[in-house]
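Understanding the architecture of this molecule
Take a look at the letters that make up each chain.
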Amino acid sequence: MASSGVRGSLVVIEGPDRVGKSTQVARLARRLEEEGRAVKVSREPGGDQVGEALRTVILETQLDPWTELLLFLAGRARHLAEVVEPALRGGELVLLDRYTPSTLVYQGAMLGDVVVGELTSLPVFLLPNVTVILDCVNPLAAFDDADRFERRGLRAWEERRSRYLSFARQFGWIVVSGDGPEQAVTDRLLAVLSSRGMLG
Ligand code: TYD
């Protein structure tokens, strides 16, 4: 539940690399705007200027895992304060491309689920109204360059997928198939938001 005083909705779209999250976030935003909803799209790591600067540091520097975790969390606190919470107060539907589930899946695997779970549950980190995991059975066979998170290959990808699915069961995140035509995936996501009363 979002904290008191907050009027909008926080929707998190998550899942392992290459399942089409960013494409779907953009498509979903367009469809929601066509229906007259005020939508704010953002991503983690990122958000505002400070968040984007942190993103560059995190993705382009070889960091020890604790520093990396703490930078993700610092970036999240900043992102919430500067971007997400003002938009929610203004009644917008905020669509986030990645949030706490990424930290649990990626940093939890390195540092331990218990401690990462505790840190990601600090009161500063607003709970989303809904968290959707985009799940693909068949990732594009593209683990080439981009950033160091994507170089670890298919086996690591499968491990992350299975961690997403297992956390989804634990935390009640909604799993939506990202397979098939983009239009069909967007329709599935809209159906989830509709079932949560977020389209009216
Ligand atoms: P990005 O290029 O945004 O990945 P994608 O296009 O797949 O969404 O890179 C973000 C990377 O940061 C991604 O590999 C996951 C990682 N990440 C974490 O490890 N922990 C986190 O808390 C977040 C938000 C992202």
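Above: the structure in question.
Worth saying up front: this structure is predicted, and the values here are computed from it rather than measured. (Residues numbered from 1 in each chain as written. Predicted model: local features only at pLDDT ≥ 70, side-chain atom pairs only at ≥ 80, totals over all residues. Heavy atoms only, no water.)

1. Let's talk about the packing of aromatic side chains
Note the following rule: Here is the rule: rings of Phe, Tyr and Trp (six-membered ring for Trp) pair when centre to centre is within 6.5 Å. Planes less than 30 degrees apart are stacked, more than 60 are edge-to-face, and the remainder are tilted. Segments assigned H or I by DSSP are reported as helices when at least four residues long, segments assigned E as strands when at least two residues long, and all are numbered from the N terminus. Classification of residues uses two cut-offs on accessible area relative to the type maximum, computed with a 1.4 Å probe and protein chains only: under 20% is buried, over 50% is exposed, and between them is partly exposed. Working rule: Lys NZ or Arg CZ, within 6 Å of ring centre, within 35 degrees of ring normal, means a charge sits over the ring.
Going through the model one piece at a time under the given rule, you end up with 3 aromatic pairs. The interplanar angle of 15° and the centroid separation of 5.9 Å between the aromatic rings of Phe167 and Phe171 together place this pair among those described as stacked. Taken together, the positions of Phe167 and Phe171, both in helix α6 (residues 153–171) and 4 residues apart, correspond to about one turn of that helix. Residues Phe167 and Trp173 carry aromatic rings whose centres are separated by 6.2 Å and whose planes lie at 45° to one another, so their mutual orientation is tilted. For Trp173, a relative accessible area of 14% translates into the label buried. Arg76 extends its terminal NZ or CZ atom over the ring of Tyr99, reaching a point 5.1 Å from the ring centre. Residue placement shows Arg76 over the ring face of Phe125; its charged tip is 6.0 Å from the ring centre.

2. With respect to the pattern of salt bridges
As a reminder, the rule being used: Here, a salt bridge means any side-chain nitrogen of Lys or Arg that lies within 4 Å of a carboxyl oxygen of Asp or Glu.
Under the criterion given, the structure shown has 11 salt bridges. With its nearest N and O atoms 2.7 Å apart, the salt bridge here joins Asp48 to Arg78. Separated by 30 residues along the polypeptide, Asp48 in the loop between β2 (39–43) and α2 (49–60) and Arg78 in helix α3 (residues 65–89) bring together distant segments of the chain. Note on Asp48: relative accessible area 14%, which makes it buried. For Glu159, the salt bridge identified is with Arg155, shortest N-O distance 3.7 Å. Linking Glu159 with Arg155, this pair stays in helix α6, spanning 4 residues, or about one helical turn. Taking the relative accessible area as the measure of exposure, Glu159 reaches 45% and is therefore partly exposed. One network of salt bridges, in which partners are shared, links Glu14, Asp17, Arg98 and Arg160.

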